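# What the coordinates show
What follows is the residue order along each chain.
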Amino acid sequence: MKTFSYEIKDEIGIHARPAGLLVKEAKKYSSKIVLTVNGKNAEATKLMAIMSLGVKHGQTVEITVEGADEDTACENIKAFFEQNL
């Protein structure tokens, strides 16, 4: 299991466009990718679950990646967050 934290830099937070892109990215991997904010969890492959977290600018998201391709998935999801959020 791999984990990392990321502070959201996007002024709007995690809104529909980047959430949709995140779902697309997460579906490339067999590993389970989970976002945690303020004690609430959402699988990265579920758009409505991500949106329901209501992540705002400046909040820190904890991302957990677990599965067969967790090393690659973790690196690429981390890069995704840095480029898009």
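The structure we're discussing is the one just above.
Each residue is numbered by its place in its chain's sequence as written, counting from 1. Per-residue local features of the predicted model are confined to residues with pLDDT of at least 70, and side-chain atom pairs are confined, for both listing and counting, to 80 or more; whole-chain, interface and lining totals are unaffected and use all residues. Each side-chain value is worked out from all heavy atoms of the structure, with water and hydrogens disregarded.

## A look at helix α1 (residues 16-26)
The classification of residues rests on relative accessible area computed with a 1.4 Å probe and restricted to protein chains. Under 20% of the type maximum is buried, over 50% is exposed, and intermediate values are partly exposed. Numbering of helices and strands starts at the N terminus; helices are DSSP runs of H or I of at least 4 residues and strands are runs of E of at least 2. For α1, every residue scored as buried is listed here: Pro18, Ala19, Leu22, Val23, Glu25 and Ala26. Down the axis of α1, the buried set is contained in an arc of 165°. They therefore lie on one face. Contacts between residues were defined by any pair of non-hydrogen atoms, one from each residue, lying within 4.5 Å. Where the residues of α1 are buried, they touch β2 (32-37), α2 (47-53) and α3 (70-84). An arc is given here, and it is the one of the directions from the helix axis to the C-beta atoms.

## Considerations on the sheet that holds strand β4 (residues 60-66)
A pair of strands is labelled paired if DSSP reports no fewer than 2 bridges between them. Ordered in space as β1-β4-β2-β3, the four strands form an open sheet in which the pairing is antiparallel. The open sheet terminates on both sides in strands that have one partner only, identified here as β1 (2-7) and β3 (40-43). Each strand of the sheet is rotated relative to its neighbour by a mean of 25°, with strand direction disregarded. Across five bridges, the pairing between β2 and β4 is antiparallel. A fitted line through C-alpha atoms serves as each axis, taken over the contacting stretch for helices, and the angle formed by two N-to-C directions is quoted from 0 to 180°.

As far as function goes, none of this settles anything; it's purely spatial.
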